[in-house]
Every structure is written in C-alpha cells, then in structure tokens.
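# Results of the structural survey
Given next are the chains, with one letter for each unit.
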Amino acid sequence: MIFDLLDAEKRIGVKLTENFAMSPAAAVSGFYFSHPGSHYFGLGKIGRDQVEDYARRRGVDVAVAERWLAPNLSY
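Residues numbered from 1 in each chain as written. Predicted model: local features only at pLDDT ≥ 70, side-chain atom pairs only at ≥ 80, totals over all residues. Heavy atoms only, no water.

Across its full length, the chain holds four helices and two strands. Each helix and strand of the chain, placed in order from N terminus to C terminus, yields the pattern α-α-β-β-α-α. Expressed as lengths along the three principal axes of its C-alpha atoms, the size of the chain is roughly 50 × 40 × 20 Å. Counting over 75 residues, the chain shows a buried share of 12%. Here the analysis covers contacts within the chain between residues at least 6 apart in sequence; of these, 24% occur between residues at least 24 apart. Accessible surface computed for the chain: about 6,700 Å², of which carbon and sulfur atoms make up 57%. (Helix = DSSP H or I, 4+ residues; strand = E, 2+ residues; numbered from the N terminus. Buried < 20%, exposed > 50% of the residue type's maximum accessible area, 1.4 Å probe, protein only. Contact = heavy atoms within 4.5 Å. Areas by Shrake-Rupley, 256 points an atom, 1.4 Å probe, with all protein chains shown as cover.)

The structure is reproduced here in structure tokens:
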C-alpha cells in the first residue's frame with residue numbers, strides 16, 4: 001500500500017483508520033479532474049414526500065431525517 005511505501009505515519013503523523021480514512025481529517029487531499037465539455041449540475045431542494053420515503057427506507061422517524069437533511073429541504 002502506498003501509505004506503507006511513503007512511511008506516512010512516521011514521517012508526517014497521518015494514519016489510516018480501519019475504513020481507510022485519513023486521520024487527522026485535515027490531512028485529506030486529492031486530485032480533481034474535469035473536462036471542458038463536461039456538464040455539472042446541482043440537485044434541487046428535497047420535498048416532504050421524498051423525506052418521508054427516505055425516512056421509511058432508513059427506518060427512522062421523519063423528524064430525524066429532517067434534521068439530517070435540513071439544509072436541503074424545500075419546506
């Protein structure tokens with residue numbers, strides 16, 4: 001694994017969790033690629049019917065799902 005090759009934990013103190021997340025979180029970086037012809041889009045706000053369906057599928061109360069999704073709600 002590249003982390004072993006780089007000896008990252010010893011050299012810079014960055015560790016990998018058991019789920020391969022970098023710790024501390026501020027250590028995360030990446031390469032970002034795009035294409036001039038690509039089209040990116042944003043998603044619209046989430047309606048009450050979508051929240052109710054999501055809550056049902058996750059097995060949580062609608063109020064909990066609303067708390068999780070608060071910034072994206074349309075109501």
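Once the structure has been displayed, the description carries forward.
Let's shift gears to the environment of Ile46. Tracing the backbone through its elements, the reader meets Ile46 in the loop between strand 2 (22-23) and helix 3 (48-58). Once the C-alpha coordinates of Ile46 and Leu73 are considered, the two residues, 27 residues apart in sequence, prove to be 4.8 Å apart. Filtering out sequence-adjacent residues up to four positions away, Ile46 remains in contact with Val51, Leu69, Asn72, Leu73, Ser74 and Tyr75.

Looking now at the packing of helix 3 against helix 4 (residues 62-69). Relative to each other, helix 3 and helix 4 sit at 115°, their axes nearing to 9 Å. For the element pair helix 3 / helix 4, the angle class is roughly perpendicular. Two packed elements cross with a definite hand, and for helix 3 against helix 4 that hand is right-handed. Seen from helix 3, the contacting residues are Arg48, Val51, Glu52, Tyr54, Ala55 and Arg58; seen from helix 4, they are Val62, Ala65, Glu66, Trp68 and Leu69. Its residues assigned to classes, the contact of helix 3 with helix 4 comprises seven nonpolar, no polar and four charged. (Axes fitted to C-alpha atoms, helices over the stretch in contact; angles between N-to-C directions. Parallel < 35°, antiparallel > 145°, perpendicular 65-115°, else oblique. Left-handed = near helix turned anticlockwise from the far one by under 90°. Nonpolar A, V, L, I, M, F, W, Y, C, P; charged D, E, K, R; others polar.)

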